Every structure is written in structure tokens, then in C-alpha cells.
Amino acid sequence: MEGCVDRLSTNEVTCVASTPAWGPNTAFTGAVTAALSLRLTTLSSLSLLPRKEYNNRGSHEAPPPHKSIPPESNHRSREGERIGAERPSSVDAMQHHAYNRLGSGGGGGGGGTPSPPASPRRSPRIHRRAGKGGGGGRAAQGAPRTIAQRMAWMLLSFLLRRQAIFLFAPLLYVAAMLFYMGTVPIDSVPRIISRSAPGSVYRSPKLYERLRPAMDADNSSDGLATVWKHSFKGGGWRPCIHTSNDALPDSNGYIYVEANGGLNQQRTSICNAVAVAGYLNATLVIPYFHYHSIWRDPSKFNDIYNEDHFINTLKSEVQVVHQVPEYIMERFGHNLSNVFNFKIKAWSSIQYYKDAVLPKLVEEKLIRISPFANRLSFDAPSTIQRLRCLANFEALRFSNPIATLAAKLVSRMKEHSKDNDGKYIAVHLRFEEDMVAFSCCVFDGGEEEKQEMNAARERGWRGKFTKRGRVIRPGTIRINGKCPLTPLEVGLMLRGMGFGNNTAIYLASGKIYKAEKTMVPLLEMFPLLQTKETLASTEELDPFKNYSSRMAAIDYSVCLHSEVFVTTQGGNFPHFLIGHRRYLYGGHSKTIKPDKRKLALLFDNPNIGWKSLKRQLLNMRAHSDAKGMEMKRPSDSLYTYPCPDCMCRLNKTEVSKSSSAR
């Protein structure tokens, strides 16, 4: 037989041909040959010796000559032959003996040096090639593979070698899904019915039609008599702005400001200018009103406010002049554009004015600040707040023409509300075309409304709403309470809050969008509704037409003296008016501020009844009553929350007097 010994240290295999015990074709010879073939195949896969082919059919042929077998190895080989000769008839035993020799390495028996463990196969091809090389391996013993098995084997081998292809698995999945969807007819795909979120759609007209019979049958009309009944533990408040009687020191220079925006934004600029001038010990020039393309009002200060009253009220705190003295203007060539102009950031602290503006003021004796709206922080020292209070609530009075007409309109509103002891409701309705367009809300106008609003947005804010990447979601805007209330919704809300159809209402508004259609439901619910156009004659309004700030000043005055003020949208107008009403009415604003998020849900509920709606709205009215008296926080505006900077608490004597007066 052939005896082979492997030397792991030199990566060599030494084989010696010996005469078999039972002849060349016995079972013993075949078993030994198979064991040797399996051993050589495994060593080739481990790269321990070069791959060689051995012919397992001619077991008598000796391999090429190698180095001579050492005595110890030859002794182990003969020992193996002797053990094999003792059991010549058991082929399975010889095969098991060869397998154990493979696993333990070294020579036959159990005393040789163990060989290293086999390395893991990286690919099934290694096993297949090893089987082919050995000739008598396991691959040769298995059944032949089919074409499908071979293709699957090749694909698996390719994937294992190119593992990065798994990164493209999601793309393959998407492509397969798209291909599948392209082959499926549309009719067979299940239809998904999308439902709008509650409160995202304007359905108030349908609600009004459904609830109108129950609303008309409700005869309760005590809303004005019971609207303000919340008792406050701390008591009421009274105005208390302390002024100084000391003479003013010499001025550090003149401050000239340009007030921009509408009526109430200009009011902010005026009050802040008074505070800055007093703090810097400067002389304030009567503010100049900047003409704006939106409001288009060329009115000057004395067209809207009483200039003499303004100067006299502030004379003990801030020196105010009508214009810059001539000798100062000569230094700048009588041209204000040559005066140094400060570009101040919004909401700057008063300390910034002391550090940056005062040195330049002392040096130049005249400085200009443009624009000046919102250029002073709400949070300021008490001396600054006191000057703001004095300017806003005492010094700023409307000019005589505006004040005279406003007093007439207030008197006429009280005449229309004799059934309610002269008490009326003032509603600030923001449903003009520009407000509807700016809100980006959708109402019931259909495609015509959409085209008109797109045109209005392009006229007023060219390109702002059509920027790339800007997404407008009208439903979300409505759910968040950002849509302006329509006249119909205002009527539903007030009727639900307990105000009967005999309540007199003053409507402060500009030109209502599609008034011939949208105002009809409100007039049906409140026939005594009035506006400045219906209360005043054409001759009385002619001097104020085409002047938006003057018309707004008339509305401001009539709303200021109403029993109830209703705000439907944010802005400077209601903010200033709420603060002014607190200043006049013992700290209580007497204002209804509806929760428009809740209103959106109520008006979009198809199942709500009149009693349930009224109960919800009465709770909303009570909440406004409880929030009527609020204190100013550091980040709040003093013009909306005058307590406690501009007002003091009433003592017990004053409280009893005020209660008896009522």
C-alpha cells in the first residue's frame, strides 16, 4: 500500500509505496486510498501544501520520489498497517480511522503532533473544487445538481462575494412595487376617503341655517345686565401718574423721530419718544408721521392729536417743541437728511440709548431716529414707564374735530340703546379684503374668492406668499384660531353669549369684504347694528374720508366708551384700546376675547344643538370677565396692561364711594 506522512513544519507530504497485505484490489486498499485523498484535499484548502492530483484508481503506483521517511514516521506508518491488518474486513472502521486521523493531525494512531484546525470556507466553491481535486471526496459521492440548483448556487456565491449589493435592496423593492402598481388597474385599488380635521373647514353658514329657529325662539336678553359680575379679591384700581414740579435742566440736544405705521403703531412711537427724550434730558421735536403705501394717510400730528394739549401735559417732564430751532438747522444746511440718523434695533434697552445715543446727542445737538416704532423694550425702569403712562393716557388726546364727531356718535349710540340703559356693544371686526387675503384662510366664496385673494396678496405683498418652499395650509390656520371671524360668526357668538336681538352694536371696521353678502346674517341677528357711516351724515364724515388714521381715531373713541368691547382679531387697535379701557374702568378691560380655536371646533360641529352651543359660549364670556383685570408681566406691553405702573389700588374708602356711585 501507499504510506504518506505529512510534515506541518515544512508543508511537505512524504508517501512510500508498500506491498498491501491482501493484494491491490482489496477493500482495505480502497479505504486507505479514500482517506488519503480526503486528507490531501483538506490540506490543499488550508494552503499547507501545494495542490496535487493523485490517481486513486492505481493504488500500486508510487508517487514521485521525496525525501526518505524518518524512522519514527516509518514506525508509525507500519503501526498503522498492523492495526489495519488486524481488522481487514471492516471498511467503515477504516474510514472512521482515517477521519479521526484527519481531525487530530500527525501520524496514525494517537501519538502524533496535532494539526491546526481547518479555516472557515469563504465560498462554497472551495469545497466544490476540493472535491474535484480529491477525486474521491463528498462532492463526487452526491447526486448531480440540476440547472436550477446551479443557478441558485452561482447567485448565492455572487451575493456573498459582492455584499454591497444589499444596499440596493430597497431600490429593487421600490422598483418592484412600482412595476406591480403599474400592472394593477386603478379600479381594483381600494379608495381611501380623507376626512377633514374638526375645525378646519368653514361651515358656519350651515350651522346658522340649522340653529336659527331655536335661536329666534330664545327670548333671553339680559346679556348686558349680567355680563360683568366677577368679583376681584384685590379690589379695584385708579389712575395715579405722578408728575414732577421741578424745573427742567438744560437740554442735551434735540431728538427728531419719524413715526411709521398706522394710527396705533404711530402712538407707540410717540410714547416711546417721550420716554427716551425724558431719560436723556433731551428736547423732543413733534414727531413726523411717515407716509405708508398701505395706509396712504398723509395726516400730520396736529391732524390727529391735540398738539397744544400734548405739549402742556408734558411740560414738567419733557420739553417739546413744534420744530427744530433755526440756528440748529443752519449747521445742517436746513436739510434733515444731513442730520445723523440712528438705526436702532427693535426692542432695544434704555441702557443702549444712554451708552450709544447720548454721546452723539451731546456732540451733534440734533439727532434723527428713523424708523422709531417698537425701538424700546417693554421691560424698563419705573421712570421710563411713568413717562410712557403720562404720554399715552393723558397727553395724547385726539384733535378737536375728531373728538367732537366721536362724542356725537357716542351720544347717538346711547340713544339707540335706551332699552339697555344706554349700554351698547362695540365690535372690532377685521374682515376687510386685505385681512382676509393676508390670513390665507378659505371661506365659502369658491373659485372666485380664491382668484380675488391671490390678486389681493400679490398687490399688497408682492411675492411674499409665492416664495419657493412656502406651504400654505388654510385648514391648519383655522384650527389654530388665526382666521378672522366673519360677520355671521360674530353674530352667532354674541347671540350664544346671551345678547338678544334688541342689543345695540357699534361695528368698528373698514370696508367689509363682500359686505352685500356677508353682512346680511349679522343684520338679521342684530337689527340695531350701527357704523360710523350710518350714525354720521355724509357732511359730517367728509372731512375724514380718505384718511385711514382719522377714521380709525373715530372708531377708537366710540369703542372706548362702550359697555362691552369685542375683539375678533389681534393687532395694535385692540391692544391699545384694552389698556385704555382698563385705565378708565378701574383696571377692568370690559372686553370679550373669544377663544377662536374653540370657536372653530364649535362652528364645525354638525351635531351641536343651540342649548349646548349657548352653554359653551356663556362659559367663554365668563372667562373673559375673569381675565378682565390682569397685572403686567415683564414681557407685556404697558399700553395693554397699565396695572400697576400707571394705576394704584383703591383704598377701602374709595372702594365704597365707587360702589355707591354705581
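In the block above lies the structure referred to throughout.
Being a predicted model, the structure only gives us computed values, none of them experimental.

Here's the deal with the environment of Ala536
At step 1: Within the secondary structure layout, Ala536 lies in the loop between α23 (532-535) and α24 (538-541).
At step 2: Separated by 127 residues in the primary sequence, Ala536 and Leu409 have C-alpha atoms spaced 7.0 Å apart.
At step 3: For Ala536, the contacting residues outside a window of four places in its chain are Leu405, Leu409, Arg412 and Leu541.

Some remarks on the pairing of strand β9 (residues 366-369)
At step 1: Side-chain alternation along β9 places Leu366 and Arg368 on one buried face and Ile367 and Ile369 on a second face that is also buried.
At step 2: Pairing analysis gives four bridges linking strand β4 (residues 254-259) to β9, with the strands arranged parallel. Across the sheet, Tyr254 pairs through a bridge with Leu366, a residue of β9.
At step 3: With two bridges joining them, strand β8 (residues 341-342) and β9 adopt parallel strand pairing. Paired with Asn341 across the strands is Arg368, a residue of β9.

Remarks on the pairing of strand β10 (residues 425-428)
At step 1: Neither face of β10 is left uncovered, since the one carrying Ile425 and Val427 and the one carrying Ala426 and His428 both have all their residues buried.
At step 2: Two strands pair when backbone bridges link them, and β10 and strand β11 (residues 505-508) are joined in this way by four bridges, in the parallel orientation. Looking at the pairing, His428 lines up with Ala508 of β11.
At step 3: Two elements, β10 and strand β13 (residues 564-567), share four bridges in a ladder whose sense is parallel. Following the sheet pairing, Ile425 is matched in β13 by Val564.

Description of the nonpolar core
At step 1: Ile255, Tyr305, Phe310 and Tyr353 are the most contacted members of the largest nonpolar core, which has 79 residues in total.
At step 2: Ile255 has contacts with Val276, Ala277, Leu280, Ala282, Thr283, Leu284, Val285, Leu361, Ile367 and Ile369, leaving out every residue within four places of it along the chain.
At step 3: Of all hydrophobic cores here, the second largest spans 50 residues; its members include Val227, Met453, Val490 and Met493.

Topic: unusual backbone geometry
At step 1: Residue Ser370 is joined to Pro371 through a cis peptide bond whose omega torsion reads -5°.
At step 2: Within the secondary structure, Pro371 sits in the loop between β9 and α15 (382-395).
At step 3: For the bond from Cys643 to Pro644, the omega torsion is 5°, close enough to zero to count as cis.
At step 4: Located in the positive-phi region is Lys514, a residue other than glycine, with phi close to 50°.
At step 5: You can see Lys514 is positioned in the loop between β11 and α21 (515-518).
At step 6: Look at Asn546: it is not a glycine, yet its phi comes out positive at around 70°.
At step 7: Mapped onto the secondary structure, Asn546 falls in the loop between α24 and α25 (548-560).

So, the sheet that holds β13
At step 1: Spatially, the five strands line up as an open sheet ordered β12-β11-β10-β13-β14, and their pairing is parallel. Every interior strand has two partners, whereas the edge strands, β12 (529-530) and β14 (591-592), have only one.

Considering the packing of aromatic side chains
At step 1: Applying the stated criterion across every chain, the model contains 17 aromatic pairs.
At step 2: Ring plane angle 50° and centroid distance 5.1 Å describe the contact between Phe438 and Trp461, whose orientation is recorded as tilted. Of this pair, Phe438 sits in helix α17 (residues 433-439) while Trp461 is found in the loop between α18 (446-460) and α19 (474-479), placing the two residues 23 residues apart along the sequence.
At step 3: Classification of Phe438 by relative accessible area gives partly exposed; the value is 38%.
At step 4: For the ring pair Phe438 and Phe465, a centre distance of 5.8 Å and an interplane angle of 85° mean the geometry is edge-to-face.

Some words on the pattern of salt bridges
At step 1: Taken as a whole and judged by the stated rule, the model has 20 salt bridges.
At step 2: Beyond isolated ion pairs, a larger network of salt bridges with shared partners links Arg212, Asp216 and Glu524.

Digging into the side chain of Glu540
At step 1: Within the secondary structure, Glu540 is located in helix α24.
At step 2: Reaching out from Glu540, the side chain makes a polar contact with the side chain of Arg412 at a distance of 3.0 Å.
At step 3: With residues up to four places along the chain from it excluded, the contact list for Glu540 reads Leu405, Lys408 and Arg412.

What counts, and where the lines are drawn
- Residues numbered from 1 in each chain as written.
- Predicted model: local features only at pLDDT ≥ 70, side-chain atom pairs only at ≥ 80, totals over all residues.
- Heavy atoms only, no water.
- Helix = DSSP H or I, 4+ residues; strand = E, 2+ residues; numbered from the N terminus.
- Contact = heavy atoms within 4.5 Å.
- Buried < 20%, exposed > 50% of the residue type's maximum accessible area, 1.4 Å probe, protein only.
- Pairing = 2+ DSSP bridges.
- Core = buried A, V, L, I, M, F, W, Y, C linked by side-chain atoms within 4.5 Å.
- Phe/Tyr/Trp six-rings, centres within 6.5 Å; stacked < 30°, edge-to-face > 60°.
- Salt bridge = Lys/Arg side-chain N within 4 Å of Asp/Glu carboxyl O.
- Polar contact = N/O pair within 3.5 Å; in protein donor to acceptor, adjacent residues only side chain to side chain.

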